[in-house]
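So you can see what is in the structure, the chains are spelled out below.
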Amino acid sequence: MASGTGDVRKLFIFTTTQNYFGLMSETWDQPLLYNCLEINNFLDDGNQMLLRVQRSDAGISFSNTIEFGDTKDKVLVFFKLRPEVITEENLHSNILVSSMLESPINSLYQAVRQVFAPMLLKDQEWSRNFDPKLQNLLSELEAGLGIVLRRSDTNLSKLKFKEDDTRGILTPSDEFQFWMEQAHRGNKQISKERASYFKELFETIAREFYNLDSLSLLEVVDLVETTRDVVDDVWRQTEYDHYPESRMLHLLDIIGGSFGRFVQKKLGTLNLWEDPYHLVKENLKAGISICEQWVIVCNHLTGQVWQRYVPHPWKNEKFFPETLDKLGKRLEEVLAIRTIHEKLLYFLPAGEEKIICLARVFEPFTGLNPVQYNPYTEPLWKAAVSQYEKIIAPAEQKIAGRLKNYIAEIQDSPQQLLQAFLKYKELVKRPTISKELMLERETLLARLTDSVKDFRLDFENRCRGTPGDASGPLSGKNLSEVVNNIVWVRQLELKVDDAIKIAEALLSDLSGFRSFHRSAEDLLDQFKLYEQEQFDDWSRDIQSGLSDSRSGLCIEANSRIMELDPNDGSLKVHYSDRLVILLREVRQLSALGFVIPAKIQQVANIAQKFCKQAIILKQVAHFYNSIDQQMIQSQRPMMLQSALAFEQIIKNSKAGSGGKSHITWDNPKELEGYIQKLQNAAERLATENRKLRKWHMTFCEKVVILMNIDLLRQQQRWKDGLQELRTGLASVEAQCPLTWQSKWEGPEDPLQYLRGVVARALAIQNWADKAEKQVLLSDTLDLSELFHPDTFLNALRQETARAMGCSVDSLKFVASWKGRLQEAKLQVKISGLLLEGCSFDGNRLSENQHDSPTVSSVLPCFMGWIPQGAYGPYSPDESISLPVYASAERDRVVTNIDVPCGGNQDQWIQCGAALFLRNQ
C-alpha cells in the first residue's frame, strides 16, 4: 500500500506511539517516519508479524525484531494476530498492542497475574471451557515467574538481581514468599538459615495478609499492631546479617498500600451518605485507625526507635506513607460531614426544614466515591465539600442558638462543659456557630487554663517523692522507679496535650489562647526535662554499678554459673535479680524512646544472651533451696539418696570429659548439657517427693474413712478398708522409716493400733447409749476408752459452768478418793488410771517395795470442777499435783490432779511419779 500522510494504518501506529511515550508533536518528525522501512514491512508484508517501538536518548526507533539488551527503556510492541497484510478493514481486528517495562520477565509476569490468570482461572465462562491441565500450567507459570523476579540469580536474565532488588515484590505476601524461597534455594547454608529466620518471623502475620480481604476492619486494626512488632523484630535481629534498609523501606510502603486498599475495599461496600450513622461511624473510625496507626508506626520506628538502635541504625530520613495518611484524612472529613449532619438533625426542629435538609445535604457528593483518594479526585472532592457547606449554612444559623442554650445549662460544671464541646466539636468548628459561642468558648479556655495549673501543681508536689507514697508519683505494676516516674509524667503529658489539641481545634481565635498555649507548652517542656533527668540519673547509677562487683550488674562470660554458699549451704546462681530488672528497664526505656548508652546496652545484650539459661538455673536453685520445706519431715530419710545425687551434680559442675574446669556462661554446649542434668535430677527428686506425699495423704484419708465406719453395722466395710490400708502400707514398707510409723498415736504395729481404734469405737458406742438414757455420769467411766479424754473433761467443765452460772475460768479441776465432791455441781467417777514411780492405796502415796510392780492400778476416784475459792478434798501441803498422761509414753498430758502424799513433794517428783490411762 502506498505511503502517505493520509494512511489510516500509519496514523494509528503514530498516534498510539505518541500517546504511550507522551510525545509532543513537535518533538518528532512524523512525515519522515511515513517512509520508515520497518513500519512499511509490518503493515504491507503478511509474513512480518512484529513491530517494536523504543524510545532512547537518540529518539524513537522502530524495528521488526526485539533486542532488549541491557536497556531499561520502555518498549511498545505491535504484533499481528494473523499473518496478513494490514488494511483499514482489519486494522483493529488483527493488531495487538503490548508494552514492556523493566524486563520481559516482569512484563509477562504482570500480564499473566493481572490479566490472563484472573480471566481464565476465575471467570466462570472461561474457566469452564479451559482445560484443567492448562489451568495448572498457567498457575505454575505465574508462580515460576514470581520466583524468578524475587530471586537473586544472575543466570536468569541479563539484569543483575540483588537482595535490595524489590521489583517483583508488589504485596507483603510477595515478600514473605521471597524469604520462604530463599530458605530453600539459597546458595550458602548461612544464607538459608538467615532466610529461614526471617521466614519464621514473618509467619506471625503471613496468613493474615494472604487472607486480608476476608478479615474485618477491627481485625486489621489489631493486625497493624502485630505487624509493627514483627517488622521491629526483623529490623532488630542480630543473629544474622541485618535486613537491608532499602528492602525494609519498600516493605513498609507496600504494607501501607495493602492497608489502604483494604480500607477502600471494605468501606466501598457501604453507602457512606445513606447507611445508618452508627454503622458508618464504626467502620470509618476503624478505617481511620488503620491508616493513622500505620503512619504512626512508620514515623516512630524509622524516625526514633531504629535511628537510635546502635546495632542496626536507620540511616535514611524517616519514612512517611503520604498516600495512606491522606486517605486517613479523607476518611476523617467524611466522618466529620456525617457527624455534623447527625448533630444538625438533632438540633433542628421537626418539620419541613428538617426534611429538606435531610434530602439535599448530600447531593454534591452524588457520583463521587469518597474513599477513592488520589490527586485527580481531590479537586472534585473539594468542590463537593464547598457546595455541601453552602447547603448547610442556613441550618447552622438556626442551631447555633440552640447549642448556646444547651451549653449555658452546664457551663458551671467544668467536666460537663468539656464533654459537651468534645461531643459537638464538629459543630463548634463551623465558623457561624463558633462566632455565636464566643462567650462559651472563653469559659472553656478558662477551664482548660485552670486544668493546666492543676497539672503543674500536682507535678511539682509529687515529682520528688517516692512512687506509691501519698506525696510521690502514682505507682504502676511491675515498673521500676525510673520507668514508673517516666510513665507517670507521660500520662500527665497526654492530659496537657489533649487540652492543647482541643484548644487548637476550637479556641485558637480567642485572645487568651496564646497565653494558654505558652503556659501549656512550658509545662510540657518541664515534663520533658523531668523525663530526661530521670533517665540521666538512672544511666549514671547503672554505669557506676558496672564498676562495682557487688552491685549485681556485672556478669562475666567466663565466670562460674552457680555455687553453694559456704555459710548457709544455699545454692546461688551468679546472675542477680538486678540484672533481670536491668533487662526489663532497658527494654521499657527503649520502647519509651530513650537512647540507651552503649556501655549499658552492651551489658544488657550479654545479660539477654544468658537470660533464658539463668531463669532455668534460678528455678532449679529455688527448688534446691526450698525442697526441704516441701518434704514431710518424717519422709526426709526416705528421699536421702535422691537428694544426695542431686547435690552431687551441683557440687561437680565441671566442664569437659576430664572435668578440670567449672562450667561457665560462655560455654553454651556444656551449659545446656549441665542444665539438662540438673533438671532431670530435680525432676526425679520432685517426682519422688510428690509420690510419697500422695501416699501420706492417701493413708490419712483411709484412716479417716475407717474412723467414720460404724463397726457394729458395717463390719464388712471395715474389713475391706483395713485390707486396702494394709496393701498400701506394704507397697512402701521398704522405704517407710520407723520415724514415720512413730507418728501414729499408739503402737507402732498398725494392726495393733487399729485394734485400739476398734476398742475405743465400741466403747464410745456404749457411752453414747448411756448418754441417751441419761445415766452416763452416774456410772463409773474409763477415760482410756476415749480418743480425746481431755475434750471430755473440758466439756464437763463447760457444762458445770452453765449449771453454776459462772465462767469456765472461775473453776478448778479436782479429784477425790474420799468420796463424792461436796462443792461440785457435776462430777464423774473415773477408773482405769495407772500409776508409775510409786504406789497409792487411796489415802496417800508410798514408795515402791522391791517386789512392787513398776506400774500399779489406782482405785476409782471422783473428778469434777469446783469454784476457784472453794477448798478441795486435800490441802496443798499434804498433796502433790501429778500429770495424767494419755499413754505410758508420756507424750501427751490429759490433765493434772492433786494426789495425797503426806508432804515432802520433792520426794515424789524425784521418783518420777505420774499417772496415765491404761492402754486399750
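Not measured: the values here are computed from a predicted model.

Conventions used here
- Residues numbered from 1 in each chain as written.
- Predicted model: local features only at pLDDT ≥ 70, side-chain atom pairs only at ≥ 80, totals over all residues.
- Heavy atoms only, no water.
- Helix = DSSP H or I, 4+ residues; strand = E, 2+ residues; numbered from the N terminus.
- Areas by Shrake-Rupley, 256 points an atom, 1.4 Å probe, with all protein chains shown as cover.
- Phe/Tyr/Trp six-rings, centres within 6.5 Å; stacked < 30°, edge-to-face > 60°.
- Buried < 20%, exposed > 50% of the residue type's maximum accessible area, 1.4 Å probe, protein only.
- Pairing = 2+ DSSP bridges.
- Axes fitted to C-alpha atoms, helices over the stretch in contact; angles between N-to-C directions.
- Contact = heavy atoms within 4.5 Å.
- pLDDT = per-residue confidence, 0-100.
- Salt bridge = Lys/Arg side-chain N within 4 Å of Asp/Glu carboxyl O.
- Polar contact = N/O pair within 3.5 Å; in protein donor to acceptor, adjacent residues only side chain to side chain.
- Parallel < 35°, antiparallel > 145°, perpendicular 65-115°, else oblique.
- Left-handed = near helix turned anticlockwise from the far one by under 90°.
- Nonpolar A, V, L, I, M, F, W, Y, C, P; charged D, E, K, R; others polar.

### Some details on the overall build of the protein chain
Scanning the protein chain for helices and strands turns up 30 helices and 19 strands. Roughly 50,400 Å² of accessible area belongs to the protein chain as shown, and the carbon and sulfur atoms make up 50% of that amount.

### Some words on the packing of aromatic side chains
By the definition in use, this model includes 30 aromatic pairs. Where F202 meets Y243, the ring centres are 6.3 Å apart and the plane angle is 70°; that geometry is what we call edge-to-face. Residue F202 is located in helix α9 (residues 189-210), and its partner Y243 is located in the loop between α10 (217-236) and α11 (245-267); the two are separated by 41 residues in the primary sequence. For the pair F202 and Y243, a shared accessibility class is recorded, and that class is buried.

### Digging into the sheet that holds strand β10 (residues 811-816)
Taken in spatial order, the four strands make up an open sheet running β9-β11-β16-β10, and their pairing is mixed. Of all strands in the sheet, those bounded by a partner on one side alone are β9 (780-782) and β10. If you compare each strand with its neighbour and ignore which way they point, the axes differ by 40° on average. Here β9 pairs with strand β11 (residues 827-831) via three bridges, running parallel. If you follow T780 over to β11, its bridge partner there is K829. Each of β9, β10, β11 and β16 (861-867) is contacted by helix α29 (residues 789-804), which is oriented at about 50° to β16, the strand it contacts most.

### As for the confidence of the model for the protein chain
Model confidence for the protein chain is summarised by a mean pLDDT of 80, while 84% of its residues fall at 70 or above. Taken element by element, the predicted model of the protein chain shows its lowest mean pLDDT in helix α27 (residues 738-741) (53) and its highest in β16 (93). The low-confidence segment residues 152-161, where pLDDT is below 50, has 19 contacts with residues more than four positions distant or belonging to other chains.

### Comments concerning the pattern of salt bridges
Following the criterion strictly, the structure yields 26 salt bridges and no others. Between D213 and K265 there is a salt bridge whose closest N-O contact spans 3.0 Å. One end of the pair, D213, is in the loop between α9 and α10; the other, K265, is in helix α11, with 52 residues separating them in the sequence. The class for D213 is partly exposed, based on a relative accessible area of 42%. A residue is classified by how much of its surface remains accessible, and K265, at 52% relative accessible area, is exposed. Taking the shortest distance from any N to any O, the salt bridge between K528 and E493 comes out at 3.3 Å. With a gap of 35 residues between them, K528 in helix α21 (residues 513-546) and E493 in helix α20 (residues 481-506) connect regions that are remote in the sequence. Linked through salt bridges whose partners overlap, the residues forming this network are R228, D229, D232 and R236.

### A few points about the sheet that holds strand β19 (residues 914-917)
The five strands lie next to each other as β15-β12-β19-β17-β18, forming an open sheet whose pairing is mixed. One side of each edge strand has no neighbouring strand; the edge strands of this open sheet are β15 (855-857) and β18 (893-900). Each strand of the sheet is rotated relative to its neighbour by a mean of 30°, with strand direction disregarded. For strand β17 (residues 879-885) and β19, the ladder comprises two bridges, and the chain directions are parallel. Opposite V884, over in β19, you have L915 as the bridge partner.

### Quick look at the pairing of β11
Burial runs high along β11: four of the five residues are buried. In the sheet, β11 pairs with β16 via four bridges, with the strands oriented antiparallel. Its bridge partner being in β16, V828 is matched across the sheet by M863.

### Quick word on unusual backbone geometry
Notably, Q774 is not glycine yet its phi reads approximately 60°, a positive angle. A relative accessible area of 73% means that Q774 is categorised as exposed.

### A word on the side chain of S63
Position of S63 among the secondary structure elements: in strand β2 (residues 59-63). Overall, S63 belongs to the buried group, its relative accessible area being 13%. There is a polar contact of 3.0 Å between the side chain of S63 and the backbone oxygen of T65. Not counting the four nearest positions on each side in its chain, S63 is found in contact with E38, L50, L51 and R52.

### Digging into the packing of α20 against helix α22 (residues 577-591)
In contact at an axis separation of 10 Å, α20 and α22 are set at 20° when each is read in the N-to-C sense. With respect to α22, the element α20 is oriented roughly parallel. Judged by the sense of rotation from one axis to the other, the crossing of α20 with α22 is left-handed. For the pair α20 and α22, the contacting residues are V482, V483 and I486 in the first and E585, Q588 and L589 in the second. When grouped by side-chain class, the residues that make up the contact of α20 with α22 number four nonpolar, one polar and one charged.

### Brief notes about the pairing of strand β3 (residues 75-80)
Counting buried positions over the six residues of β3 gives five, a clear majority of the element. Two strands pair when backbone bridges link them, and strand β1 (residues 50-56) and β3 are joined in this way by five bridges, in the antiparallel orientation. Across the sheet, the residue bridging to V53 is L76, located in β3. The pairing of β3 with strand β4 (residues 95-100) spans six bridges and is classified as antiparallel. Pairing of F79 across the sheet is with L96, part of β4.

### A few points about the environment of K825
Positionally, K825 belongs in the loop between β10 and β11. Under the relative-accessibility criterion, K825 is labelled exposed at 56%. A sequence separation of 39 residues divides K825 from G864, and the C-alpha atoms of the two residues are 8.1 Å apart. The residues contacting K825, other than those within four sequence positions of it, are T800, A803, M804 and W865.

### Regarding the packing of α20 against α21
Direction vectors running N to C along α20 and α21 enclose 165°, while the axes themselves pass 10 Å from each other. Regarding the angle of α20 to α21, the classification is roughly antiparallel. Note on packing geometry: the crossing formed by α20 with α21 is left-handed. Considered class by class, the residues forming the contact of α20 with α21 number 18 nonpolar, three polar and six charged.

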